[in-house]
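Read off the chains here:
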Amino acid sequence: MSALSKFFLFALLWWLVGNPFLAILILLVLLYLFDRRFVGLTPSVTAPIRRNRRLSRLRRELQLAPHNASAKLEAARLLIEKRKYGEALELLEQVSGVYDSADVVYETGLCRLKLGDAKEGERLILQALELNPRVKYGEPYLRLGEAFAKEAPDQAVQYLEAFRGVHSSSVEGSYKLGRLYERLGHREEAKRAYADAGAIYRGIPRYKRRQERRWAILAWLRRLFN
């Protein structure tokens, strides 16, 4: 939506409701709805509410059945989404004897990584990748790349390149690789990564574009202003 169209929409709303402040409020709501439907730059308002509601139900279930491993695992995954990695790690360690899959090993490593235990987190994540090289469609490489971007950028580049090798249709991976190359001062490599992000976005099916559109826009902006 262009600036001119926003201005005319605001003017129309002002004329309809007779109050400029109410018109601004309505315009912001409309822009938010437009973004959530077609772009995805802004976070969902309802997702945290649904997540918290489900987590509350799981906690009540665990009070009645404290050995329910499946409820603990689901609760741990919701806590990871909420970035409560300490609570999630406690639950994951409790179910590690029941679920020894690559997914659970990776999630345990991710919690360790986010809690500052980089060495153990990396070890567990690499172990998960040994169990299943395509676990979470290559996401572990992406998280390792993010974690080591500041302290070991060359190693982070290797992880992000590995992610792109596993998940070649990820616009997010190419964008984040470009950002990392920028930090390293490799401007040409960064531009190529951003260009790759745009090319990947144009080549993916329409049903997948919604979830990748945010990264495509960010990559386009980085190319535009760098």
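Procedures and definitions
- Residues numbered from 1 in each chain as written.
- Predicted model: local features only at pLDDT ≥ 70, side-chain atom pairs only at ≥ 80, totals over all residues.
- Heavy atoms only, no water.
- Salt bridge = Lys/Arg side-chain N within 4 Å of Asp/Glu carboxyl O.
- Helix = DSSP H or I, 4+ residues; strand = E, 2+ residues; numbered from the N terminus.
- Buried < 20%, exposed > 50% of the residue type's maximum accessible area, 1.4 Å probe, protein only.
- Polar contact = N/O pair within 3.5 Å; in protein donor to acceptor, adjacent residues only side chain to side chain.
- Contact = heavy atoms within 4.5 Å.
- 1 Å grid on protein atoms, 1.4 Å probe; cavity = no way out; pocket = protein on both sides within 12 Å on 5 of 7 lines; lining within 4 Å.
- Points joined across faces, edges and corners; volume = space filled by probe spheres on them.
- Nonpolar A, V, L, I, M, F, W, Y, C, P; charged D, E, K, R; others polar.
- Axes fitted to C-alpha atoms, helices over the stretch in contact; angles between N-to-C directions.
- Parallel < 35°, antiparallel > 145°, perpendicular 65-115°, else oblique.
- Left-handed = near helix turned anticlockwise from the far one by under 90°.
- Core = buried A, V, L, I, M, F, W, Y, C linked by side-chain atoms within 4.5 Å.
- Phe/Tyr/Trp six-rings, centres within 6.5 Å; stacked < 30°, edge-to-face > 60°.
- Lys NZ or Arg CZ within 6 Å of the ring centre and 35° of its normal.

Engineer: Can you walk me through the pattern of salt bridges in this structure?
Structural biologist: Between side chains of opposite charge, a pair can form as their charged atoms come close. Here the structure, examined in full by the defined rule, presents 17 salt bridges. What you see here is one network of salt bridges that share partners, running through Glu139, Arg143, Glu146, Glu172 and Lys176.

Engineer: When you look at unusual backbone geometry in this model, what are you seeing that I'm missing?
Structural biologist: Negative phi is the rule for most residues except glycine; trans is the rule for most peptide bonds. One non-glycine residue, Arg83, adopts positive backbone phi at about 65°. Within the element layout of this structure, Arg83 appears in the loop between α4 (69-81) and α5 (85-95). Taking relative accessible area as the criterion, Arg83 reaches 67% and is therefore assigned exposed. One non-glycine residue, Lys136, lies in positive phi territory at about 55°. Structurally, Lys136 can be placed in the loop between α7 (118-131) and α8 (139-147). Among the residues examined, Lys136 registers a relative accessible area of 29% and is labelled partly exposed.

Engineer: I would appreciate a short explanation of the environment of Asn52 in the present structure.
Structural biologist: Mapped onto the secondary structure, Asn52 falls in helix α3 (residues 46-64). You can call Asn52 partly exposed: its relative accessible area is 34%. Along the sequence, Asn52 and Leu79 sit 27 residues apart, while their C-alpha atoms lie 9.2 Å from each other.

Engineer: How should the side chain of Arg143 be read in this particular structure?
Structural biologist: Here Arg143 is to be found in helix α8. Polar contacts involving the side chain of Arg143 include one to the side chain of Glu146, which spans 2.8 Å. Those residues in contact with Arg143 that lie beyond four places of it in its chain are Tyr106, Leu110, Leu113, Glu172 and Lys176.

Engineer: It is not clear to me how empty space enclosed by the protein should be interpreted in this structure. Could you clarify?
Structural biologist: In this approach the atoms are scanned with a rolling probe the size of a water molecule, which exposes any empty space left behind. Under the counting rule described, the total for this entry stands at 1 cavity of 30 Å³ or more. Estimates place the volume of the largest cavity at around 40 Å³. Surrounding the largest cavity, Glu182, Arg187, Ala190, Lys191, Tyr194 and Asn226 form its lining. Tallying contributions element by element places helix α11 (residues 187-203) first for the lining of the largest cavity, with 4 residues. Looking at the lining of the largest cavity, its residues break down into 2 nonpolar, 1 polar and 3 charged.

Engineer: Even after reading the chapter, I still don't get the packing of α8 against helix α9 (residues 153-166), so can you show me in this structure?
Structural biologist: The axes of two packed helices give the description: the angle between them and the distance between them. Between α8 and α9, the shortest axis-to-axis distance is 8 Å and the interhelical angle comes to 160°. With respect to α9, the axis of α8 lies roughly antiparallel. Judged by the twist between their axes, the crossing of α8 over α9 is left-handed. Side by side, α8 and α9 meet where Glu139, Tyr141, Leu142, Leu144 and Gly145 of the first sit next to Ala156, Tyr159, Leu160, Ala162, Phe163 and Val166 of the second. Of the residues that constitute the contact of α8 with α9, the class distribution is 9 nonpolar, 1 polar and 1 charged.

Engineer: Explain the nonpolar core to me, please; I cannot follow it from the model alone.
Structural biologist: In summary, soluble globular proteins display a tendency toward joint burial of nonpolar side chains. Residues Ile80, Leu92, Cys111 and Val171 are the most contacted members of the largest nonpolar core, which totals 53 residues. Those residues in contact with Cys111, other than ones at most four positions away along the chain, are Ile80, Tyr85, Ala88, Leu89 and Leu92.

Engineer: What am I meant to see in the packing of aromatic side chains here?
Structural biologist: Aromatic ring pairs: the centre-centre distance and the angle between the two ring planes describe each pair. Here the structure, examined in full by the defined rule, presents 3 aromatic pairs. Ring centres of Tyr175 and Trp215 lie 5.7 Å apart, and the angle between their planes is 40°; this geometry places the pair in the tilted category. Here Trp215 lies in helix α12 (residues 206-225) and Tyr175 lies in helix α10 (residues 171-184), a separation of 40 residues in the sequence. Residue Tyr175 is classed as buried on the basis of its relative accessible area of 10%. Residue classification places Trp215 among the buried residues on the basis of a relative accessible area of 14%. Following the ring pairs from residue to residue traces out a cluster consisting of Tyr175, Tyr194 and Trp215. Here the guanidinium or amino end of Arg209 rests over the ring plane of Tyr201, the centre of that ring lying 5.4 Å away. Lying over the aromatic face of Trp215, Arg214 brings its terminal NZ or CZ to 4.5 Å of the ring centre.

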